[in-house]
Every structure is written in structure tokens, then in C-alpha cells.
Amino acid sequence: MTDLPRYAIYFAAGSDSPLSRFGAELLGYDAYTGNELPFPREALEVAPDWRDLSADPRKYGFHATLKAPMALASGKTEAGLMEACATFAGKTRPHPVIRPVVDAISGFIAVIPAEPVDTLQELAADCVRDFDLFRPALTAEDRARRKPEKLSERQRDYLDRWGYPYVMEEFRFHMTLTGRLDAERRGPILEMLRARFATLRIETLEIDRIALFRQDDARARFRIIGEWGLARVDFSASSRD
């Protein structure tokens, strides 16, 4: 793990979004402001060790990964990456819309789409491809850290090609709320999180922006340093032609 800054292209719902507040309160950290937050009473009641259970996602802030964390390749700069984010966001595209639910995924709990959305997969794949020139070559140390022996053949291929195994067909949109949980603990925590999420009354979630997160060094938390709304395809204009 390098001590150089790392950057990631994530989806975050917006600083004034109820979903962002929901995630930040549960993680005890707001990636928009860099502030620590008190944990909700319900979380501490169901899990007195909630601080430990949420430690892993807290480091990254509440988000969904589009381009995984990376140091910058030689000759690339933060300013250049921000310019690339603006260019990417300016390309017109349909905005993915998901029906968000709280569920378990690979042993942890997250906000995920209730069903697959093709435009979301396409957006994530575009992020992986378009920002890959900013990523340095995968080192042997970083490859070993991903435990390639536990990955599928396709995931290993993606790790070697893109520096991260969970891209393209392996991508699964998720906004993480906990670390990995033992099966016996998962039920009560999932019930609490679903009840808390239900109070938001979020029927659909539009993936309408990208955010650039920066981690100053290996010990630091990620923080949002830029956010760009995605340009939208104007279907009404084409229908009038």
C-alpha cells in the first residue's frame, strides 16, 4: 500500500441527500465534510460494537465504487484527473435509475439495486475504461494483496487488465454499510438497517453524478474533493425530430 495519495471515482448521492445522511450517520463519518458523526441509537442497541462493525466502510465514506482506488500514474496530476472527471460527466448518456434496497452481499450489508440495470453496468464499465490511463501498472505486491488464488479466472483476468477484479460483468453496485458479518449476527442488523432505510421512503435512486474521492495516505480516510453531475440524453428532443 502506497503512502502517495490515492483517488477513486465513486457515486455519492449528494451532500444534501437523505441517502447520504443515512449512510454517513451509520458509518459515523461524512466524506463531504470530513466530520465524524455520532452513531444512531438503533445501531448501538442492536450492536454495541457498531464502531468495529462499520470500521472498514468508514475509511472510504458512503459510496458506490465506479473506478476503484488508485494512485496516479507517472506524469498524471490531480488537476488532470479532475478535468477528466468533468469531461466524462459532460458526455450525454441515459441516467441509470435503480430501486434501492438494503440487503446482504458477500457477507456484508449494503444498499444495492433490487434488480439489474443495464445502463448502470454500462456507466461503471465506461468509468473503468475512461479513467484507466490515470492508473499505474499493477505491482506484484498489489496483485498479491487481492489474493488472486481465490478469484475466478475472469476476475484474475480483469485484475491483470484493469487493476481490479470486480469490473465489467463482475461489477455489482453497492453502497456499503457494514464490514463482513457472521451469519448469526447478520439477521438483527439487517432488520434494523432495513427499518431505518424504510423511513427515507426512497422508491427510486437516479445515478446522476460522479464524485472524486481522495485519500491522502494509507492511514487517512477518503474525502470528496469534487463532484460532477452527469449530462443527460434528451429523449424528448429526439422524439420531436
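Residues numbered from 1 in each chain as written. Predicted model: local features only at pLDDT ≥ 70, side-chain atom pairs only at ≥ 80, totals over all residues. Heavy atoms only, no water.

Chemist: Hey, could you run me through the pairing of strand 4 (residues 100–105) in this one?
Modeler: Bridge analysis of strand 4 against strand 5 (residues 108–113) gives six bridges, and the strand direction is antiparallel. Looking across to strand 5, one finds that V101 is bridged to I112. As consecutive antiparallel partners, strand 4 and strand 5 are separated by two residues, and within that stretch S106 has a phi angle of approximately 55°, a positive value. (Pairing = 2+ DSSP bridges. Helix = DSSP H or I, 4+ residues; strand = E, 2+ residues; numbered from the N terminus.)

Chemist: Teacher, can you tell me more about unusual backbone geometry here?
Modeler: It is generally the case that most residues other than glycine have a negative phi and that most peptide bonds are trans. Of note, S106 is a non-glycine position whose phi angle comes to about 55°, a positive value. Mapped onto the fold, S106 is located in the loop between strand 4 and strand 5. Accessibility expressed as a relative area gives 45% for S106, which makes it partly exposed. Of note, the phi angle at M168 is positive, near 55°, even though the residue is not glycine. Here M168 shows up in the loop between helix 8 (153–162) and strand 6 (175–176). (Buried < 20%, exposed > 50% of the residue type's maximum accessible area, 1.4 Å probe, protein only.)

Chemist: Looking at this model, I keep getting lost on the state of the cysteines. Mind explaining?
Modeler: Cysteine pairs can be covalently joined through their sulfur atoms, and such a bond is termed a disulfide. Counted under the stated rule, the structure contains zero disulfides. No disulfide involves C85; its sulfur sits 8.2 Å from that of C127, the nearest cysteine. For C127, a relative accessible area of 0% puts it in the buried group. (Disulfide = S-S within 2.5 Å.)

Chemist: What am I meant to see in the layout of surface pockets here?
Modeler: Unoccupied space between atoms shows up once a probe the size of one water molecule is rolled over them. Here the largest pocket defines a volume of roughly 1200 Å³. What lines the largest pocket is a set of 33 residues, among which F108, R146, Y164, Y166 and R180 lie closest to the centre. The element best represented in the lining of the largest pocket is helix 4 (residues 55–60), accounting for five residues. Taken together, the residues of the lining of the largest pocket sort by class into 14 nonpolar, nine polar and 10 charged. In this structure, the second largest pocket occupies an estimated 410 Å³ of space. Around the second largest pocket, the lining comprises 22 residues; the ones closest to its centre are P69, M70, A71, P136 and D142. Looking at the lining of the second largest pocket, the elements with two or more residues in it are strand 2 (64–70) and helix 7 (140–145). Residue contributions to the lining of the second largest pocket peak at four residues, all from strand 2. (1 Å grid on protein atoms, 1.4 Å probe; cavity = no way out; pocket = protein on both sides within 12 Å on 5 of 7 lines; lining within 4 Å. Points joined across faces, edges and corners; volume = space filled by probe spheres on them. Nonpolar A, V, L, I, M, F, W, Y, C, P; charged D, E, K, R; others polar.)

Chemist: I keep staring at the nonpolar core and nothing clicks. Help me out?
Modeler: Within soluble globular proteins, side chains that are nonpolar tend to cluster in buried spots. Counting residues in hydrophobic clusters, the biggest one holds 50 residues, and the most contacted among them are F11, L19, W50, F131, F173, L193 and I210. Filtering out sequence-adjacent residues up to four positions away, I210 remains in contact with I9, Y10, L66, C85, F88, F131, G226, E227, W228 and L230. Listed in part, the 10 residues of the second largest apolar core include Y10, Y32, F222 and I224. (Core = buried A, V, L, I, M, F, W, Y, C linked by side-chain atoms within 4.5 Å. Contact = heavy atoms within 4.5 Å.)

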